[in-house]
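An overview of the molecular structure
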Amino acid sequence: MVNDVAHATTHDARWAWLRAHTPVLRDTVYMNCGWQGPLSEDVAHAMHEWIDSELTLGPTSRPLLDARIALGARYRERAAALLGADADEIAITDNTTHGLNFVTAGLPIAPGDGVVTTGVEHPSGIVPAYYLRERRGATLHIVPLGADDSPGAIIERFAAVCDARTRLVIISGVSFSTGQRLPLAEIVALAHRASPQARVLVDGAQTAGHEPLDVHASGVDAYAIPMHKWLCGPGGLGALYVRHDRIAELEPAAVSGHAAASYDFNGNFTPERDSIQKFELTTVSGPLLAGGVTAIDQYLASGPLAVWDRVRALTALAGERFARIPGVTVTSAQGDSTRSGLFAFQAGDLDAQLLAAHLQFAARAVCRSVREFNAVRLSLHVYNTPDEIEAVAKAVEAALTHGIAPEAAAFVPNFARAVKET
Ligand SMILES: Cc1ncc(COP(=O)(O)O)c(C=O)c1O
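Fair warning: this is a prediction, and the values are worked out from it, not measured in the lab.

**Let's talk about the pairing of strand β2 (residues 90-93)**
Residues Ile90 and Ile92 of β2 are buried on one face, and the alternating residues Ala91 and Thr93, pointing to the opposite face, are buried as well. Of the pairings in the sheet, the one linking β2 to strand β8 (residues 238-242) comprises four bridges and is antiparallel in character. In the strand pairing of β8, alanine 91 is matched with leucine 240.

**Focus: the site of the ligand**
Neighbouring residues of the ligand: 15 residues in total, closest Thr96, Thr97, Asp203, Gln206 and Lys229. Contact distances for the ligand include 2.7 Å between an oxygen atom and a side-chain N or O atom of threonine 96. Residue aspartate 203 places a side-chain N or O atom 2.6 Å away from a nitrogen atom belonging to the ligand. Here the ligand, which alone exposes 400 Å², has 93% of that area covered by the protein. Grouping the constituent residues of the shell around the ligand by class yields three nonpolar, ten polar and two charged.

**Here we look at the sheet that holds strand β11 (residues 328-330)**
Strand order in the open sheet formed by four strands is β11-β12-β15-β14, and the pairing between neighbours is antiparallel. Each end of this open sheet is capped by a strand with a single partner; those strands are β11 and β14 (368-370). Within the sheet, the average angular offset between the axes of one strand and its neighbour, ignoring direction, is 35°. Relative to strand β15 (residues 375-379), β14 runs antiparallel, the two being bridged by three bridges. Bridge assignment links valine 370 to a residue of β15, and that residue is alanine 375. Contacts from helix α12 (residues 352-363) reach β12 (342-347), β14 and β15, with the element oriented near 45° to β15. Helix α13 (residues 386-402) rests against β11, β12 and β15 of the sheet, and its axis sits at about 15° to β12.

**Brief notes about empty space enclosed by the protein**
Taken as a whole, this structure holds two cavities of 30 Å³ or more when the rule is applied. If you add up the space inside the largest cavity, you get close to 140 Å³. Residue lining of the largest cavity: 17 residues in total, with Leu18, Trp230, Cys232, Gln298 and His381 positioned closest to the centre. Here the lining of the largest cavity gets four residues from one element, more than from any other, and that element is helix α10 (residues 286-302). Grouping the constituent residues of the lining of the largest cavity by class yields eleven nonpolar, six polar and no charged.

**Side note on the nonpolar core**
Counting residues in hydrophobic clusters, the biggest one holds 67 residues, and the most contacted among them are Tyr75, Leu83, Phe158, Val169, Ile171, Val220 and Tyr223. Judged by nonpolar contacts, the second largest core, of 27 residues, contains Ala352, Cys367, Val376 and Val396.

**Re the domain arrangement of the protein chain**
Partitioning the protein chain into domains gives domain 1 (63-299) and domain 2 (304-421). Listed per partner, the contact involves 20 residues of domain 1 and 25 residues of domain 2. When domain 1 packs against domain 2, the two sides together hide about 1,800 Å² of surface, and 64% of this comes from carbon and sulfur. Looking only at domain 1, the three residues that lose the most surface to domain 2 are Phe176, His210 and Trp230, adding up to 30% of its buried area. At the boundary of domain 1 with domain 2, the tally comes to zero salt bridges. At the surface where domain 1 touches domain 2, the tally comes to six residue pairs in polar contact (both at pLDDT 80 or more). Among the residues forming the side of domain 1 that touches domain 2, the class breakdown is nine nonpolar, eight polar and three charged.

What counts, and where the lines are drawn
Residues numbered from 1 in each chain as written. Predicted model: local features only at pLDDT ≥ 70, side-chain atom pairs only at ≥ 80, totals over all residues. Heavy atoms only, no water. Buried < 20%, exposed > 50% of the residue type's maximum accessible area, 1.4 Å probe, protein only. Helix = DSSP H or I, 4+ residues; strand = E, 2+ residues; numbered from the N terminus. Pairing = 2+ DSSP bridges. Near = heavy atom within 4 Å. Polar contact = N/O pair within 3.5 Å; in protein donor to acceptor, adjacent residues only side chain to side chain. Areas by Shrake-Rupley, 256 points an atom, 1.4 Å probe, with all protein chains shown as cover. Nonpolar A, V, L, I, M, F, W, Y, C, P; charged D, E, K, R; others polar. Axes fitted to C-alpha atoms, helices over the stretch in contact; angles between N-to-C directions. Contact = heavy atoms within 4.5 Å. 1 Å grid on protein atoms, 1.4 Å probe; cavity = no way out; pocket = protein on both sides within 12 Å on 5 of 7 lines; lining within 4 Å. Points joined across faces, edges and corners; volume = space filled by probe spheres on them. Core = buried A, V, L, I, M, F, W, Y, C linked by side-chain atoms within 4.5 Å. Domains from an automatic or database assignment. Buried area = accessible area lost by both parts, 1.4 Å probe. Salt bridge = Lys/Arg side-chain N within 4 Å of Asp/Glu carboxyl O.

Next up, the structure:
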C-alpha cells in the first residue's frame, strides 16, 4: 500500500490519499503532530503484521530472528536516507530526548567550556544544557530568539557568544514554541570556525518528516529525531545521527555488550569506540521498527520538498485568516525564510490551555498550548485542509465572543502535567 502514495501523480492526490488512509482524520481535525502524529493504516498494518508473526512463529524462531536483524539494519538504512547520512552513522534510540542525552552525557565537557543554546528550546534541550552547567561546570549561554528574527539576526546572536571556548551548541532545527526554522548550516559553520572543539547537536524533534534534511551537507555533528511526530510513526522509537569522525570521541553513558570490542572472563576488555552501535543497549521492539520503517517510507514517497511547501502554505493561509480575527496575535514565525508548519497564536486574554481544550470540544480539533507564550499551537501537516483551518478560526472567534464553553474543562485532564512532559 505504501507504493500507492508514491504512485499518486499529483501532490494533491498524495495528500488526499494520506488523508483517506489515516483513520483519525475522518472524525477529527488533527493538528497535533508536533506532539504526536496520527498513524496511517499502512504504519499500523506493518506493526500488526510483526505482532502476528511473533504470535504464530515465536519471537526467537529462526525465520523471525533473521527477519528481526534485517529489520534493524533496514531501519538504520531508512533513517539514514531520511537524514542524508550513512547507515553506520545511525543509532536506534527510544525518542529524540534519548539521542540528545547520548551526546550531552558522552562529550567530555570540562569546567569553563562553553555550552550555547537558545531561549526557544524544548525542556529536552535546555534541561540537558543546564545539567552540563550543574555537573561539569560548563559556562552556559542562552541566545535569546524571537519569532520575527531573520536568519541574519539569528546568526549575529550566535556569533556574539561562540568563541574559542565553545564546546557544544544545542539547538532545535525548528523551535517547538515559535515554529521558527533556524539557519542550521550557517550556525554549524560559525561554531566550527569559532573553535575546532565545538560540536553542534540538533534537536530534530520538530524537523523529521517536516522539512527536508541533509546532515552531511549541513556539516552538523549530531542530530536526534523521533518517529512519532511529523513522521507519523509509532511512539517509543527514534534515531541519533553522529558524524563518522565524531563517533569515537563520544563515551557511551549506558553500556551493554555493544559497547565492547572484545572481552573475556579473565579480566581482558577492549571498549568499542568506533561503532555507533556502542550507544544501543539490548532488545529493540520489532513492531516499533516495522512501523518506523513504514512511516519513513511513507514520508519519503510523499516527497520531502513537497511536504515542506505544503505545510508552509497552510501556515501562511492560517496567518492570513487568524490576522483577521480581532484580538488574535500570531506568535509563531511568519517570515518566508523562517516559517514552518507550526502555527501559534494568542487569543485576547483567553487561557491557552483552556482554549485548546475548547477547540477539541467545540470543533473536534486536537492541538496544544505553549505555556511560555500563553499560545495555542496548531501543527499543520499535509493532510490538513483549508476547510479545517477555517473551522478552527471560527471556533476561536466564537470563544472570543461567547467565552470558553464550561464543557471544555472535560478536555483538560492532567493537561498541565502532560504539557510539561512533552
Ligand atoms: C523540540 C522538541 N524537542 C524534544 C521533544 C521531546 O521529543 P521526544 O518525545 O521524541 O523525546 C519535543 C516534543 O514535543 C520537542 O518539540
